[in-house]
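Notes for the structure review
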Amino acid sequence: MAGKIEEIRVLSVERLKEEETSTRLELLNLRFKVATRQTSDVSALRSGRHRLARVLTVLRERELVEGAE
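In this text the structure is predicted, and so the values were computed from the model without any measurement. (Residues numbered from 1 in each chain as written. Predicted model: local features only at pLDDT ≥ 70, side-chain atom pairs only at ≥ 80, totals over all residues. Heavy atoms only, no water.)

**Description of the nonpolar core**
Keep this limit in mind: Only buried residues count toward a nonpolar core, which is a set of Ala, Val, Leu, Ile, Met, Phe, Trp, Tyr and Cys residues joined through side-chain atoms within 4.5 Å. Exposed residues in this analysis have more than 50% of their type's maximum accessible area, buried residues have under 20%, and partly exposed residues fall in between, with area computed by a 1.4 Å probe over protein chains only. Helical segments are the DSSP runs of H or I of at least four residues, strand segments are the runs of E of at least two, and each set is numbered from the N terminus. The contact definition used throughout considers only heavy atoms, calling two residues in contact when any of these lie within 4.5 Å.
Among the nonpolar cores identified, the biggest contains 6 residues, and these are Ile 5, Ile 8, Leu 16, Val 55, Val 58 and Leu 59. Taken together, the elements giving at least two residues each to this core come down to helix 1 (2–9) and helix 3 (43–68). Apart from residues no more than four positions distant in its own chain, Leu 59 is found in contact with Val 13, Leu 16, Lys 17 and Glu 20. Counting residues in each nonpolar core, the second largest holds 5 residues, with Leu 27, Leu 30, Leu 45 and Leu 52 among its members.

Right under this line is the structure:
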């Protein structure tokens, strides 16, 4: 688990924002696929939400560090 967040922490702010956008789009598409029964892999939704949460956490950490300086 700690390895996943460390992989995200090395990314730049611009790359993190791109990752946030792509993850949100991926989650949107997955929700449609699950709703229309095109896929039964609901675990992908959970892992996508976890990835989004990690990205948002790192972005927030960086905002707080910049504000403290």
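This is not the end of the story, as more comes after the structure.
**Quick look at helix 2 (residues 13–35)**
What counts is decided by this rule: One less than the residue count of a helix, multiplied by 1.5 Å, gives the span that helix is expected to have.
Taking 1.5 Å of rise per residue, the 23 residues of helix 2 would be expected to cover 33 Å, and the 33 Å separating its terminal C-alpha atoms lies within 8% of that figure. Every buried residue belonging to helix 2 is among Leu 16, Glu 19, Glu 20, Thr 23, Leu 27 and Leu 30, and all of these are buried. Of the residues one or two after helix 2, Arg 37 is the one with positive phi, at around 60°.

**Brief notes about helix 3**
The end-to-end C-alpha distance of helix 3, which contains 26 residues, comes to 38 Å, matching closely the 38 Å that a straight helix rising 1.5 Å per residue would cover. Listed as buried for helix 3 are Ala 44, Leu 45, Gly 48, Leu 52, Arg 54, Val 55, Val 58 and Leu 59.

**Examining unusual backbone geometry**
Despite not being glycine, Arg 37 shows a phi value in the positive range, around 60°. As for its position among the elements, Arg 37 is in the loop between helix 2 and helix 3. For Arg 37, a relative accessible area of 76% puts it in the exposed group.

**As for the environment of Glu 63**
Counting through the fold element by element, Glu 63 comes out in helix 3. Of the residues examined, Glu 63 reaches a relative accessible area of 47% and is grouped as partly exposed. Placed 42 residues apart in sequence, Glu 63 and Thr 21 show a C-alpha to C-alpha distance of 18 Å.

**Considering the packing of helix 2 against helix 3**
Rules: Where helices are involved, their axes are fitted lines through C-alpha atoms of the stretch in contact, as for all axes, and angles between N-to-C directions lie from 0 to 180°. When an angle is under 35 degrees it counts as roughly parallel; over 145 it counts as roughly antiparallel; between 65 and 115 it counts as roughly perpendicular; any other value is oblique. Working rule for handedness: look at the near helix, and if it is turned counterclockwise from the far one by less than a right angle, call the crossing left-handed; if clockwise, right-handed.
Put simply, helix 2 and helix 3 touch, their axes get as near as 9 Å, and they point 155° apart. If you check the angle between helix 2 and helix 3, you find them roughly antiparallel. Between helix 2 and helix 3 lies a crossing of left-handed hand. Contacts from Val 13, Leu 16, Lys 17, Glu 19, Glu 20, Thr 23, Arg 24, Leu 27, Leu 30, Arg 31 and Val 34 in helix 2 reach Ala 44, Leu 45, Gly 48, Arg 49, Arg 51, Leu 52, Val 55, Leu 56, Val 58, Leu 59 and Arg 62 in helix 3.

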